[in-house]
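# Residue-level structural notes
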Amino acid sequence: MDDVTEKREYTDDYQDKTLYIPGPTEVREDVIEEMCQPMFGHRMDRMTDLYTTIVEDTKEFLGTDNDLMILTGSGTEIWESSTLNLVDENILVPTCGSFSERHANVAERLGKNVDRIEYEWGQAIKPEDIREALESSDKHYDVVATVMNESSTGIRNPIEEIGDVVAEYPDTYFVVDAVSALGGDYVDIDEHNIDVIFASSQKAFAMPPGLAICTVSDDAFERELSKDSASWYGGFQRALDYYDRKGQTHSTPAIPIMLAYRKQMKYMLEEGHEGRDQRHREMAEYTRDWAYERFDMFPEEGYESQTVACIENTQGIDVAATIEEVSEKYDMAFSNGYGSALGEKTFRIGHMGEHDVESIKALTDAIEDVAGL
Ligand SMILES: Cc1ncc(COP(=O)(O)O)c(C=O)c1O
C-alpha cells in the first residue's frame, strides 16, 4: 500500500472547542480530572470496587435486570461480538443509513448470511416490514439487528415496537445499536425484549471515548453457551462469568476511563434515565423548531432523533465554510452531513450529553451569525 500519510507532529497548542458533533461530546471538567490518578492493578480489590460500582450503577440507571458488561473498546466491538455470539447463519439487518449498513457489513465479513431491508436514507425502519420479513422468509433468523439512532441521518427508529414484533419469535434475538442514543433517549430494555443493547461512552453518556456498554439478556447468554463458537474478547459468557466470580474484567481495562465513568454515572443517576430523556427531548425540540424556521429537517417526520439533528441545507449555505468559521470565531464544533452524499446537503448538530437548550441556542446563534441568516 502506498504510504500517503506523513507524520504531523502533535503539539500542545490546540484551541479547545465546545463539541456539538455527534460524539465525542462535552465531558465535565471534574469527570476529566478523575482520569489523572496514579494507576493501580486490575486484579486489586480497588478494581473490584470500581468495576462493580460502575456496572451496578449503570444497571440502576438503565432500570434493567439484564446483565451488563463494560468493555474497553467502542460500540463497534459489539457489532462483532454480538454477531459471533448469537448468529449461526442468518441475520436480518434493516439498513437506513451509514451505521446500520456498517453493522450489516460487519456481519458479512464474519461470514454470516445477511438479509437487509433497505430504506432510503432519511426514512425510518417500520415494525410491519420486520414482521413481514420474519413471517414470509423460509429462513430462520438468529438475530434481528436494528440501529436505534442512525447518527448519519438523524433518525430515531421505533425499536420498542420492533422489539415487540421480534418477541413473537422466541428463537430470534433482538440486538440494538444504541451507540448514539442510550443515556439521552429513554428505552425500557426489559419491557421490549431487547436481548442486547449497546452504547459507546463518548456519546450521550458524556464520557471520554474508550468503553462500550452492553446489556445481555438471560436468553442471549444461554444462546451463546449453546453455540460452538463465539467471540473471545466480547464473549458474553467470559465477561459476565468473570464479573460474577471476581467483580472484574477478563483483561486489563482502560482504568482511567473507568474512573471518569464512575464519577459521571453518579451524575447520571442523580438526573435519572427519565430526567435525561426529558432534557434531551427539550434540546431536540428546540433544534427542530429552529431548523424548521431556517432550513428543514432531513429525517422523515415523526422519527427525528433525540440526540442528533440532521438538518437539510435548504438555504444552500456553504456547510464546510460555515463549520470552519463557527469554529474560528466561536470555538464551537458541529458536523457536516455524513459522507459525500449528504456532506453539503445536510449538517448535523449533536445535542447530547451535558448540553442544554441554552448551550444549543448559543450554537444556533453562532450559525445564524456566520451564515448571515
Ligand atoms: C449509530 C452508531 N453505531 C455505531 C457507531 C460506532 O461507534 P464507535 O465509533 O464508538 O465504535 C457509531 C459512531 O458514531 C454510531 O453513531
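Just so it is clear, the structure is predicted and the values come from calculations on it, not from any experiment.

## What about the domain arrangement of the protein chain?
- Per the domain assignment, the segments making up the protein chain are domain 1 (18-26 + 273-371) and domain 2 (30-269).
- Using only C-alpha atoms to locate each centre, domain 1 and domain 2 end up separated by 26 Å.
- Of the residues lining the interface, 26 residues belong to domain 1; the matching set on domain 2 comes to 33 residues.
- For the pairing of domain 1 and domain 2, the buried interface totals around 2400 Å² over both sides, and the portion due to carbon and sulfur atoms is 57%.
- The largest contributions to the domain 1 side of the interface with domain 2 come from His 273, Tyr 303 and Tyr 338, which together make up 31% of the buried area.
- Between Lys 126 and Glu 300 there is a salt bridge whose closest N-O contact spans 3.0 Å.
- Summed over the shared surface of domain 1 and domain 2, the result is 19 residue pairs in polar contact (both at pLDDT 80 or more).
- Those elements giving two or more residues to the side of domain 1 that touches domain 2 turn out to be helix 10 (273-294) and strand 12 (308-312).
- Per element, the largest residue contribution to the side of domain 1 that touches domain 2 is 5 residues, and it comes from helix 10.
- In terms of residue class, the side of domain 1 that touches domain 2 is built from 10 nonpolar, 8 polar and 8 charged.

## Quick notes on the site of the ligand
- Neighbouring residues of the ligand: 13 residues in total, closest Ser 74, Thr 76, Ser 151, Asp 177 and Lys 203.
- Side-chain polar atom of Gln 202 to an oxygen atom of the ligand: 2.9 Å apart, as the coordinates give it.
- Lys 203 is positioned such that a nitrogen or oxygen atom in its side chain is 2.6 Å from an oxygen atom of the ligand.
- Notes on the ligand: free accessible area 390 Å², of which the protein chains cover 87%.
- For the shell around the ligand, the element with the most residues is helix 3 (residues 75-86), which contributes 3 residues.
- Grouping the constituent residues of the shell around the ligand by class yields 4 nonpolar, 7 polar and 2 charged.

## Observations concerning the sheet that holds strand 4 (residues 113-118)
- Taken in spatial order, the 7 strands make up an open sheet running 2-10-9-8-5-3-4, and their pairing is mixed. The open sheet has two free edges, formed respectively by strand 2 (67-72) and strand 4, since each of these has just one partner strand. The sheet shows a mean angle of 20° between the axes of neighbouring strands, taken without regard to direction.
- Set on the sheet, helix 3 makes contact with strand 2, strand 3 (90-95), strand 5 (143-147), strand 8 (173-177), strand 9 (196-200) and strand 10 (211-216); between it and strand 9 the angle comes to about 160°.

Procedures and definitions
- By convention here, each chain's residues receive numbers from 1 onward along its written sequence.
- Per-residue local features are limited, in this predicted model, to residues with pLDDT of at least 70; the limit for side-chain atom pairs, both in listing and counting, is 80 or more; totals at the level of whole chains, interfaces and linings are taken over all residues.
- The side-chain values count all of the structure's non-hydrogen atoms but skip hydrogen atoms and water molecules.
- A domain assignment, automatic or from a database, supplies the domain bounds used here.
- Whether two residues touch is decided by their heavy atoms; if any such pair falls within 4.5 Å, the residues are in contact.
- Accessible area that two parts lose when put together, with a 1.4 Å probe and added across both, is what the buried area reports.
- The working definition used for a salt bridge is a side-chain nitrogen of Lys or Arg within 4 Å of a carboxyl oxygen of Asp or Glu.
- What qualifies as a polar contact is a pair of N or O atoms within 3.5 Å, subject to a donor-acceptor requirement within protein and to the restriction that residues adjacent in sequence count only when both atoms come from side chains.
- Labels follow the DSSP assignment, with helices taken as runs of H or I lasting at least four residues and strands as runs of E lasting at least two, numbered in each case from the N terminus.
- Just so you know the grouping, Ala, Val, Leu, Ile, Met, Phe, Trp, Tyr, Cys and Pro go in nonpolar, Asp, Glu, Lys and Arg go in charged, and all remaining residues, Gly too, go in polar.
- We define proximity as follows: a residue is near a molecule or strand when any one of its heavy atoms falls within 4 Å of that partner.
- Areas reported as accessible are Shrake-Rupley estimates using a 1.4 Å probe. Residue values count occlusion only from the protein chains shown.
- Two strands are counted as paired when DSSP detects at least two bridges linking them.
- All axes are obtained by fitting lines to C-alpha atoms, using only the stretch in contact for helices, and the reported angles, taken between N-to-C directions, cover 0 to 180 degrees.

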